[in-house]
Amino acid sequence: MTYKAVVLAHTNPYKKDKRNKDTRNSKKAKGLNARQKREMKVFQIKPEQQRYELFLPLHDLWRQYIIDVCHGLKPSSSPQFVQQKLLKADFHGAIITVVRSKCPSYVGTTGILVQEFKHVFKIITKEDRLKVIPKRNSVFAVEINGFVSHIYGSKFEQRSSERSAKKFKVKGTIDL
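Small disclaimer: the values here were computed from a predicted structure and weren't measured.

Draft legend 1. Structural view of a nonpolar patch on the surface. Together, Leu32, Met40, Val42 and Phe43 make up an exposed nonpolar region whose accessible area comes to about 390 Å². Here Leu32 is to be found in the loop between helix H1 (23-26) and helix H2 (34-40). Overall, Leu32 belongs to the partly exposed group, its relative accessible area being 41%.

Draft legend 2. Structural view of the pattern of salt bridges. Using the criterion set out here, one finds two salt bridges in the structure. Across the pair Arg51 and Glu53 runs a salt bridge, and its minimum N-O distance is 2.9 Å. Under the relative-accessibility criterion, Glu53 is labelled partly exposed at 42%. The residue Lys135 makes a salt bridge to Glu116 at a minimum N-O spacing of 3.0 Å. With Lys135 in the loop between strand E4 (130-134) and strand E5 (138-144) and Glu116 in strand E2 (residues 110-116), this residue pair connects regions lying 19 residues apart in the sequence. Owing to a relative accessible area of 9%, Glu116 belongs among the buried residues under this scheme.

Draft legend 3. Broad picture of the pairing of strand E1 (residues 95-101). For E1 and E2, the ladder comprises three bridges, and the chain directions are antiparallel. Each bridged residue has a counterpart across the sheet, and for Ile96 the counterpart in E2 is Gly111. Note that E1 and E5 share five bridges and pair antiparallel. Its bridge partner lying in E5, Val98 is registered against Phe140.

Draft legend 4. Inspection of the environment of Asn137 at higher detail. Its location among the elements puts Asn137 in the loop between E4 and E5. Spatially, the C-alpha atom of Asn137 lies 5.7 Å from that of Ser101, the residues being 36 residues apart in sequence.

Draft legend 5. Structural view of the sheet that holds strand E6 (residues 147-152). The sheet built from six strands is open, its strands ordered E4-E3-E2-E1-E5-E6 with antiparallel pairing. Each edge of the open sheet is held by one strand with a lone partner, namely E4 and E6. Pairs of neighbouring strands in the sheet enclose a mean axial angle of 45 degrees, with direction left out of account. Pairing analysis gives five bridges linking E2 to strand E3 (residues 120-125), with the strands arranged antiparallel. For Leu113, the partnering residue across the bridge sits in E3 and is Ile123.

Draft legend 6. Structural context of the packing of aromatic side chains. Under the criterion given, the structure shown has three aromatic pairs. Seen in terms of ring centroids, Trp62 and Phe91 are 6.2 Å apart; in terms of plane orientation they differ by 35 degrees. Their pairing is tilted. Separated by 29 residues along the polypeptide, Trp62 in helix H3 (residues 56-69) and Phe91 in the loop between helix H4 (79-87) and E1 bring together distant segments of the chain. Among the residues examined, Phe91 registers a relative accessible area of 2% and is labelled buried. Seen in terms of ring centroids, Phe121 and Phe140 are 4.9 Å apart; in terms of plane orientation they differ by 75 degrees. Their pairing is edge-to-face. Of this pair, Phe121 sits in strand E3 while Phe140 is found in strand E5, placing the two residues 19 residues apart along the sequence. For the pair shown, Phe121 and Phe140 are each scored as buried.

Parameters at a glance
Residue numbers run consecutively from 1 along every chain, following the written order of its sequence. For this predicted model, a pLDDT threshold of at least 70 governs which residues receive local features, and a threshold of 80 or more governs which side-chain atom pairs are given and counted, while totals over whole chains, interfaces and linings are taken from all residues. Excluding hydrogens and water, the side-chain figures rest on all heavy atoms present in the structure. A residue counts toward a patch only above 30% relative accessible area and without a salt bridge, and it is joined to like-charged neighbours within 9 Å or, for Val, Leu, Ile, Met, Phe, Trp and Tyr, to nonpolar neighbours within 5 Å. Per-residue and other accessible areas follow the Shrake-Rupley method at a 1.4 Å probe size, with only the shown protein chains counted as cover for residues. Between Lys or Arg on one side and Asp or Glu on the other, a salt bridge is scored when a side-chain nitrogen of the former is within 4 Å of a carboxyl oxygen of the latter. A helix here means a DSSP run of H or I that spans at least four residues, while a strand means a run of E at least two residues long, and both kinds are numbered starting from the N terminus. For each residue, the accessible area found with a 1.4 Å probe, counting protein chains only, is set against the maximum for its type, and the residue is called buried under 20%, exposed over 50%, and partly exposed in between. By definition, two strands form a pair when at least two bridges between them are found by DSSP. Helix axes are fitted only over the stretch in contact, all axes being lines through C-alpha atoms; the angle between N-to-C directions runs from 0 to 180 degrees. Note on aromatic contacts: the rings of Phe and Tyr and the six-membered ring of Trp form a pair at centre separations within 6.5 Å, being stacked when their planes are under 30 degrees apart, edge-to-face when over 60 apart, and tilted otherwise.

Written out as structure tokens, the structure reads:
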């Protein structure tokens, strides 16, 4: 009579077992969800920090950034080239002016862009007031070294991170 051996369980001491993994190493740091961000007021600027002169260094940084993006912004550079670069650029720190809007009280408002959301710009004016201006049905002007560019807010209704990756199609603009 011959005996057969049956191996019920085999463990390899050199191989890590996935089931017995250490739980301390498997936990990853998680970010905050939207409700927690609202409760902590992450995106709100405190009233004592709503001063125009605090954001002037941000504007200086933005000017350097935009000149680098547009490759020096020479007078000989074509407006189409500059417009293409501006479409994908970040505007935090830019001095923008509302040129046209469906709501006439917004027209003429000028300030440094502090926050950009999908549907609104938050700008700080020289009077140290934080204004929330909707992008839809508004036209904004941005001036860089004498070159004035108009931004149609209805075509610009995206987050800046989404806009930088998007391909824009050449279409005629619809006036307000």
